[in-house]
Amino acid sequence: MPPQMTRLRADAQENRDRILAAAAELFAERGLHVGMREVARRAGVGPATLYRRFPTRQALVDEAFSAEVEACRRIVEDGCAQADPWTGLTEALRGLLVLNVRNRGFVDALLSTMPTGALAQHRRELLGLLDGLAARARDAGRLRADFVIDDLVLVLSAGRGLGAARRELLPSAAHRFADLAIDALRADPVTPR
């Protein structure tokens, strides 16, 4: 638990919770380009209150995305736990794409060429796990031989474009995109009839 989480007064905890909720909403809706003052305004607190709780933008980003980081980790670890590496890889890819369309800011931060803070460590760890899973799927003859982990990052990056769809269409669009991406990664792609 971070040091600032130790026993806040009730009003201070309420302010902190409102700041995190506002940041999470704004980052999910519009990405990471949202300013700190805008987060403070949405939360109904002054900038000084925001900076007292989150002295840096990175601290706010890391904390605002903590639930997504855990969800992302569960998706990858569940995929790695599958006995069949191809099933594990495809389930992980599908899960990550669905998570991807729900939160634009998280994906922007995670897929950034230079993620920082806790997100940088999270990305390194999860890409390492996924690379190992992909190697197992490739060795099993299920994943195309020329696959590299950057291909997965490319698919996830392309999935960000789904965010332009109407909100209610996002889950089905993510699943369809996952189907297409999985077929493209298969060692022997399914050919249409």
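Just so it is clear, the model here is predicted, and its values are computed rather than measured.

Draft legend 1. Main features of the overall build of the protein. Of the regular secondary structure elements, the protein holds ten helices and zero strands. Order of helices (α) and strands (β) in the protein, N terminus to C terminus: α-α-α-α-α-α-α-α-α-α. Residues counted as buried form 41% of the 193 residues belonging to the protein. Once local pairs closer than 6 in sequence are excluded, the contacts in the protein between residues at least 24 apart make up 69%. For the protein, the exposed surface amounts to about 10500 Å²; the carbon and sulfur share of it is 55%.

Draft legend 2. Just helix 5 (residues 66–81), in detail. For helix 5, which comprises 16 residues, the first-to-last C-alpha distance of 22 Å matches the rise-based estimate of 22 Å (1.5 Å per residue) to within 8%. On its buried face, helix 5 sits against helix 4 (57–64), helix 6 (85–102), helix 7 (104–111) and helix 8 (117–139).

Draft legend 3. Highlighting the nonpolar core. With 51 residues, the main nonpolar core has I19, F27, V39, L60, L93, F106 and L143 as its most contacted residues. In terms of residue count, the dominant contributor to this core is helix 6 (seven residues). If we skip the residues at most four places from it in the chain, F27 touches L32, V34, R57, L60, V61, A64, F65, N103, R104 and G105. Membership of the second largest hydrophobic core comes to five residues, among which are V98, V101, L170 and A174.

Draft legend 4. Focus on the confidence of the model for the protein. Confidence in the prediction of the protein, expressed as mean pLDDT, is 86, and 90% of residues score 70 or more. Put simply, helix 7 is where the protein has its lowest mean pLDDT, 74, and helix 2 (residues 36–43) is where it has its highest, 95.

Draft legend 5. Looking closely at the environment of A21. Its location among the elements puts A21 in helix 1 (residues 10–30). It is 7.6 Å that separates the C-alpha atoms of A21 and A64, two residues lying 43 residues apart in sequence.

Draft legend 6. Just the side chain of H122, in detail. By the element assignment, H122 lies in helix 8. Beyond its immediate chain neighbours, meaning those up to four positions away, H122 contacts V69, C72, R73, F106 and L110.

Draft legend 7. Up close: helix 10 (residues 170–185). Helix length check: helix 10 (16 residues) gives 22 Å between terminal C-alpha atoms against 22 Å at 1.5 Å per residue, within 8%. Taken together, the buried positions of helix 10 are L170, A174, A178, A181, I182 and L185. When helix 10 is viewed along its axis, its buried side chains cluster within an angular range of 100° and face the same direction. Packing partners of the buried residues in helix 10 comprise helix 6 and helix 9 (149–159).

Draft legend 8. Just the pattern of salt bridges, in detail. Applying the stated rule across the entire model yields eleven salt bridges. Here R73 ties to E77 by a salt bridge, and the two come within 3.9 Å at their closest N and O atoms. Residue R73 and its partner E77 are located together in helix 5, separated by four residues, close to a single helical turn. Here E77 falls in the partly exposed class, since its relative accessible area comes to 38%. Across the pair R186 and D183 runs a salt bridge, and its minimum N-O distance is 3.4 Å. A relative accessible area of 23% places R186 in the partly exposed class.

Draft legend 9. Seen up close, the packing of helix 4 against helix 8. Contact pair helix 4 / helix 8: the axes reach a minimum separation of 7 Å and the direction vectors enclose 50°. The angle between helix 4 and helix 8 falls in the class oblique. On helix 8, the residues touching Q58, V61 and D62 of helix 4 are G117, A118 and L119. Among the residues making up the contact of helix 4 with helix 8, the classes are represented as three nonpolar, two polar and one charged.

Rules and cut-offs
- Residues numbered from 1 in each chain as written.
- Predicted model: local features only at pLDDT ≥ 70, side-chain atom pairs only at ≥ 80, totals over all residues.
- Heavy atoms only, no water.
- Helix = DSSP H or I, 4+ residues; strand = E, 2+ residues; numbered from the N terminus.
- Buried < 20%, exposed > 50% of the residue type's maximum accessible area, 1.4 Å probe, protein only.
- Contact = heavy atoms within 4.5 Å.
- Areas by Shrake-Rupley, 256 points an atom, 1.4 Å probe, with all protein chains shown as cover.
- Expected span 1.5 Å × (residues − 1).
- Core = buried A, V, L, I, M, F, W, Y, C linked by side-chain atoms within 4.5 Å.
- pLDDT = per-residue confidence, 0-100.
- Arc of directions from axis to C-beta.
- Salt bridge = Lys/Arg side-chain N within 4 Å of Asp/Glu carboxyl O.
- Axes fitted to C-alpha atoms, helices over the stretch in contact; angles between N-to-C directions.
- Parallel < 35°, antiparallel > 145°, perpendicular 65-115°, else oblique.
- Nonpolar A, V, L, I, M, F, W, Y, C, P; charged D, E, K, R; others polar.

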